[in-house]
Amino acid sequence: MVEADIDLLVVGGGIVGCTVAERAARERGWRSLVVDRRNHVGGNCHDGVHESGVRVHTYGPQYVRTDSASVLAYLSRFTEWIPGRYVAKVATRGRLFDFPVNLTTLEQFYGTSLTPDEARRLLDEKRDRTIATPRNSEELVLSRVGRELYEAFYAGYTCKQWGRSPALLDPSVCGRIPVRFTRDERYVEQRHQVMPRDGYTPMFRRMLASPLVTVLLGCDFAELRDAVRPRVATLWTGPIDEYFDHRLGRLPWRSLDFELVAYEQEWRQPCVQINYPDEQPYTRSIEYKHVTGQRHPATVVGYEYPRSTGEPFYPVPSAESRRLHAAYRELAEDARHAERTYFAGRLATYAYINMDQAVLAAFDAFTAIERDWLASHARRAAAAGG
Ligand code: UDP
């Protein structure tokens, strides 16, 4: 009977669920049952092989980038790495611009050559210096680069991606994108930028290789909810509002549709990612071979179409969703005490986090589960002794 044999019920086999199950087996010898309604583990970090033979990511590009030596060391137990070179450009006004905005972008955009100091002075003239503390993503971009670059690179892309103006999104959304006065053309800043050498799927398989971990795929938590009573805890990594049957209302999520197009040519784009801020219905195109390192005579490009319905990929960071999420957080706090259910990850904490932050969140969740379990053990022992 499942009930007697399970220490942890892990709902969701993404990076958080896999990390906690791995930690639980290794550090405590706990048995975990990992359930996922998809037919694979790894969450959105999943790769497959397109019929053309080209390796692709099923849910859009997933880049391993981190400044955390501990995250890199941890994941390195399960995979070898190849260097990740994540370069993106923006297609607008009939040409490609370096993006995030760097010295070259400013030269391309303003049609003049610039030293870093000249570029700083130029943006100082362009940016809105009256905005000391940006309250939303529009103000954040205006305060950094001014209206011309905002209109060209951010406004259209963000409206498409989020279905709302940047003025209705927290500053942190566009704040993910740096502005540089160098010619560094990498998309992100982190010190370590790598890709699993053999893809994500073998990495997650190794994480869950312990005989203490059982994986149940294609299974909905609702089917198990009343049947399985884990001895230690339940870890929920799905959408927080779903756990509570949306009883306070539905949190907004953004989703994506992916269209994979194969081309009979070795390369289609000069870099892995091209962003489209204009009228195209898609936000970006991803040519995976640039980061998987695969050599192949054909290529596949994935086009991303933002949607307001479908699988939840992104929480929508805004004032109203923050209020609703805060109410759900209180329910989650109660569930932790009453049901020993813990919430961690992008969906369960309604947080727009990257892969390395998800690993760190999983470490924290495991520590919390362990600490509470040790405390309750100590209480029981004291009661028995007294
Ligand atoms: N963004 C933009 N123009 C771009 C790329 C990004 O305005 O060309 C904004 C947009 O709001 C996006 C956010 O910056 O949602 C964060 O971009 P990132 O590429 O980090 O998004 P993710 O890879 O998480 O989808």
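Below is a short write-up of the structure. (Residues numbered from 1 in each chain as written. Predicted model: local features only at pLDDT ≥ 70, side-chain atom pairs only at ≥ 80, totals over all residues. Heavy atoms only, no water.)

Description of the overall build of the protein chain
Part 1: Secondary structure summary: the protein chain contains 14 helices and 17 strands in total.
Part 2: Taken over the C-alpha atoms alone, the protein chain extends approximately 80 × 50 × 35 Å along its principal axes.
Part 3: The long-range fraction of contacts in the protein chain, counting pairs at least 24 apart against all pairs at least 6 apart in sequence, stands at 74%.
Part 4: Approximately 17,700 Å² of the protein chain is accessible, and the part contributed by carbon and sulfur atoms is 49%.
Part 5: Mean positive and mean negative side-chain charge positions of the protein chain (51 and 50 charges, respectively) differ by 3 Å. (Helix = DSSP H or I, 4+ residues; strand = E, 2+ residues; numbered from the N terminus. Contact = heavy atoms within 4.5 Å. Areas by Shrake-Rupley, 256 points an atom, 1.4 Å probe, with all protein chains shown as cover. Lys, Arg positive; Asp, Glu negative; His and termini not counted. Charge placed at Lys NZ, Arg CZ, Asp CG, Glu CD.)

A short note on the site of the ligand
Part 1: If you check the shell around the ligand, you find 17 residues, and the closest are Thr158, Trp162, Tyr187, Tyr314 and Tyr352.
Part 2: In this structure, an oxygen atom belonging to the ligand sits 3.3 Å away from a main-chain N or O atom of tyrosine 154.
Part 3: Take tryptophan 162: an N or O atom from its side chain is 2.8 Å from an oxygen atom of the ligand.
Part 4: Alone, the ligand offers 530 Å² of accessible surface; in the complex the protein occludes 95% of this.
Part 5: Elements represented by at least two residues in the shell around the ligand include exactly α7 (147–162) and α8 (171–175).
Part 6: Broken down by class, the residue content of the shell around the ligand amounts to 12 nonpolar, three polar and two charged. (Near = heavy atom within 4 Å. Polar contact = N/O pair within 3.5 Å; in protein donor to acceptor, adjacent residues only side chain to side chain. Nonpolar A, V, L, I, M, F, W, Y, C, P; charged D, E, K, R; others polar.)

Regarding the pattern of salt bridges
Part 1: Enumeration over the complete set of coordinates arrives at 26 salt bridges.
Part 2: Aspartate 220 is the salt-bridge partner of arginine 37, the closest N and O atoms lying 3.3 Å from each other. Residue arginine 37 is found in the loop between β2 (32–36) and β3 (47–49), and its partner aspartate 220 is found in the loop between β10 (213–217) and α10 (221–224); the two are separated by 183 residues along the sequence.
Part 3: Through salt bridges with shared partners, one network takes in Arg85, Lys89, Asp98 and Glu185. (Salt bridge = Lys/Arg side-chain N within 4 Å of Asp/Glu carboxyl O.)

Brief notes about the nonpolar core
Nonpolar side chains in soluble globular proteins tend to be buried together.
Part 1: If you look at the biggest cluster of nonpolar residues, it comprises 80 residues, and the most contacted ones within it are Leu8, Phe153, Tyr154 and Phe204.
Part 2: Tallying contributions element by element places helix α14 (residues 355–385) first for this core, with 10 residues.
Part 3: In this view, phenylalanine 153 contacts Val90, Thr92, Phe97, Phe99, Val101, Thr105, Phe109 and Pro277; residues no more than four positions away in its chain are not counted. (Core = buried A, V, L, I, M, F, W, Y, C linked by side-chain atoms within 4.5 Å. Buried < 20%, exposed > 50% of the residue type's maximum accessible area, 1.4 Å probe, protein only.)

Side note on empty space enclosed by the protein
Part 1: Scanning all chains against the criterion turns up one cavity of 30 Å³ or more.
Part 2: Forming the boundary of the largest cavity are Asp47, Arg55, His57, Ile82, Met195, Pro196, Gly199, Tyr200, Val291 and Thr292.
Part 3: Among the secondary structure elements, those contributing two or more residues to the lining of the largest cavity are β4 (55–57), β9 (192–196) and α12 (289–292). (1 Å grid on protein atoms, 1.4 Å probe; cavity = no way out; pocket = protein on both sides within 12 Å on 5 of 7 lines; lining within 4 Å. Points joined across faces, edges and corners; volume = space filled by probe spheres on them.)

Considering helix α13 (residues 319–339)
Part 1: Along its 21 residues, α13 runs 29 Å from first to last C-alpha, staying within 8% of the 30 Å computed at 1.5 Å per residue.
Part 2: What α13 keeps buried is the set Ser321, His325, Tyr328, Leu331, Ala332 and Ala335. Axial view of α13: buried residues confined to an arc of 115°, hence all on one face. Along α13, the residues that are exposed and aim more than 90 degrees away from the buried face are Arg323, Glu330 and His337.
Part 3: Those residues of α13 that are buried lie in contact with α11 (240–243) and β17 (341–343).
Part 4: One or two steps after α13, the chain reaches arginine 340, where phi turns positive at roughly 55°. (Expected span 1.5 Å × (residues − 1). Arc of directions from axis to C-beta.)

Here we look at the side chain of serine 143
Part 1: Considering the arrangement of structural elements, one finds serine 143 in helix α6 (residues 137–145).
Part 2: Side-chain polar atoms of serine 143 contact the backbone oxygen of leucine 140, separated by 2.8 Å.
Part 3: Contact partners of serine 143, with chain neighbours within four places excluded, come to Arg127, Asp128, Ile131 and Pro134.

Let's talk about the sheet that holds strand β8 (residues 95–99)
Part 1: In spatial order, the strands read β8-β7-β13-β14-β15-β12-β16; together these seven strands make up an open sheet with mixed pairing. With one partner strand each, in any of the chains shown, β8 and β16 (314–315) form the two edges of the open sheet.
Part 2: Of the strand pairs in this sheet, strand β7 (residues 88–92) and β8 are connected by five bridges, and their pairing is antiparallel. Each residue of the ladder has a partner; that of alanine 88, found in β8, is phenylalanine 99.
Part 3: Against the sheet, α7 makes contact with β7, β8, β12 (253–263), β13 (273–275), β14 (284–287), β15 (299–307) and β16, and its axis sits at roughly 105° relative to β12, the strand it touches most. (Pairing = 2+ DSSP bridges. Axes fitted to C-alpha atoms, helices over the stretch in contact; angles between N-to-C directions.)

Looking at the sheet that holds strand β5 (residues 64–66)
Part 1: Strands sit in the order β5-β9-β6 across an open sheet of three strands; the sheet is antiparallel. Each of the sheet's edge strands pairs with one partner strand only, and the pair in question is β5 and β6 (81–83). Within the sheet, the average angular offset between the axes of one strand and its neighbour, ignoring direction, is 40°.
Part 2: Across three bridges, β6 lies against β9 in antiparallel orientation. Within the sheet, the bridge partner assigned to proline 83 lies in β9 and is valine 194.

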